[in-house]
Amino acid sequence: MKKTLYIVVPCYNEEECLNETTKRLSKKLDNLVEANVIDKKSRIVYVDDGSKDKTWEKIESFGGPVIGVKLSRNRGHQNALLAGLMYAKEHADVVISMDADLQDDIDAIDKMLDKFADGYEIVYGVRSERKNDTTFKRNTALAFYKLMNKLGAEVVYNSADYRLMSKRALEELAEYKEVNLFLRGLVPLIGLKSTKVEYPRAERFAGESKYPLKKMVKFAWDGITSFSIKPIRMILWLGVIIFFISLVITLYALIMKLLGNVVSGWTFIICSIWILGGLQMISLGLVGEYIGKIYAESKHRPRYTIEKIIGE
Ligand code: UDP
Ligand code: MG
C-alpha cells in the first residue's frame, strides 16, 4: 500500500516565501504521486506561528493539497513545528518537516523517502555545505553543535529541523512531554533505525531570517540547559579544586605566620576566606546535583523505547 506523506512547514511572517514554497512543494507532491511513491492523500501542512503579516491569508487562499494550522499566537519555531508534527501523525504514515524559506533542498525529499522505503524510521537532512550562510552564522552554528555534544546532548552534526519521521517515530516523540522543546536533541533520544541524507543548503528565498541573534542565543541556551546538568557539575568540581587550593594557602599562611613577618589576624582571615569559599562552592554543587535530578524527573521522559519484540 502506498504511504501518505505530510510535509510540515512552520511559518512566521513568511508571506514573501509562501507562494514559491507552495508551488515547488505541490509540484514535488504531484511528481511523487505520479511516480507511485506516495499516496494521493499526501498533504502540505503550514503551521502559522502567530504571524503578524498576511501569512495566514495566504495559507487560506491556496487550497489544493495545502492544510493550514493556525496557532493562537507566536510560540516559537520549535513549538510550531511540534504542533504540526503532532497534527500530521494522526493522518500520515510518514512526515517530513522543513522550513518555509526554501533553504532546505526540496529534492532531498526523494532521497529521504528512499531511505524510508528501506525501513528507516528517522532520516536526518544534513547540510553538506553552508556556503550560503554568513560566516558568522556558520561558525556560531558549528561551535554550538560541538559544544552541545561535549556537554552530553546528542545532536546530529550540521542537521537542523529538516528530517523525515515515520508515524511510529512520531508516536514515540509524543511521549516526551517536556515544555522546553529542543527537537534536535530529542529526536536522537528516540533511537530507532535512523540515517542521514546530505543536501546543499541554499539561500533564503525571500525575507529575513526569523532567528535574530537574540533568538539564536536563547535557542542554544535552551538546548544546553534542557539536555545537560554538566554546568552544575562544573560548580562541584570548581568547589573541590578551590578547597584543595585552600589547603595549600593555609599551609603557606601558617609558614608565613611562623616566620613572623605578617600582620596579626592575617592568617586567620586568609584561611577562612579560602576554606569557606571552597566549602560553599562544593555545597552549591551538591544542592545543584539534586536540582539536576529533580529537573530530569520533572521532564517525565520515557525511560526506554522498545524497538521490537520477537517470539511472542
Ligand atoms: N519560525 C517560526 N516561528 C518563529 C521563528 C521562525 O515558525 O518564531 C519558522 C520560520 O518561518 C521558518 C523556520 O522557522 O520556516 C526557520 O526560520 P528561519 O529560516 O528564519 O531561520 P534560519 O534559517 O535563519 O536559521
Ligand atoms: Mg532559514
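Residues numbered from 1 in each chain as written. Chains lettered and ligands numbered in written order. Predicted model: local features only at pLDDT ≥ 70, side-chain atom pairs only at ≥ 80, totals over all residues. Heavy atoms only, no water.

A look at the overall build of the protein chain
- In terms of regular secondary structure, the protein chain is built from ten helices and seven strands.
- Computed over its C-alpha atoms, the radius of gyration of the protein chain comes to 26 Å, more than 25% above the 20 Å expected for a compact globule of 312 residues.
- Residues classed as buried in the protein chain amount to 44% of the 312 residues present.
- In the protein chain, once contacts between residues fewer than 6 apart in sequence are set aside, the share between residues at least 24 apart is 78%.
- Total accessible area computed for the protein chain in this model is approximately 17300 Å², and 60% of it derives from carbon and sulfur atoms.
- Taking the 46 positively charged and 39 negatively charged side chains of the protein chain as two groups, their mean positions are separated by 5 Å. (Helix = DSSP H or I, 4+ residues; strand = E, 2+ residues; numbered from the N terminus. Rg over C-alpha atoms; globule rule 2.2 N^0.38 Å. Buried < 20%, exposed > 50% of the residue type's maximum accessible area, 1.4 Å probe, protein only. Contact = heavy atoms within 4.5 Å. Areas by Shrake-Rupley, 256 points an atom, 1.4 Å probe, with all protein chains shown as cover. Lys, Arg positive; Asp, Glu negative; His and termini not counted. Charge placed at Lys NZ, Arg CZ, Asp CG, Glu CD.)

A word on the coordination of the magnesium ion (ligand 2)
- Listed as protein donors to the magnesium ion (ligand 2) are Asp 101 (OD) and Gln 103 (OE1); their distances from the metal cover 1.8 to 1.9 Å. Accessibility classification places Asp 101 together with Gln 103 in one group, the buried group. (Donors = N, O, S within 2.8 Å, 3.2 Å for Na, K, Ca; no water.)

Some thoughts on the site of ligand 1
- The full set close to ligand 1 counts 19 residues, and Glu 14, Asp 49, Asp 101, Ser 209 and Lys 210 are the nearest of them.
- Here an oxygen atom of ligand 1 and a side-chain polar atom of Ser 209 are 2.5 Å apart.
- Within the side chain of Lys 215, one N or O atom sits 3.1 Å away from an oxygen atom of ligand 1.
- Per-class residue counts for the shell around ligand 1 are five nonpolar, five polar and nine charged. (Near = heavy atom within 4 Å. Polar contact = N/O pair within 3.5 Å; in protein donor to acceptor, adjacent residues only side chain to side chain. Nonpolar A, V, L, I, M, F, W, Y, C, P; charged D, E, K, R; others polar.)

Section: the pairing of strand S7 (residues 194-200)
- Residues Thr 195, Val 197 and Tyr 199 point to one face of S7 and are all buried, whereas Ser 194, Lys 196, Glu 198 and Pro 200, pointing to the other face, are not buried.
- Sheet analysis places strand S5 (residues 122-129) next to S7, joined by seven bridges and oriented parallel. Residue pairing for S7: Arg 127 is matched across the bridge by Tyr 199. (Pairing = 2+ DSSP bridges.)

Read these as layout, nothing more, since geometry by itself doesn't imply function.
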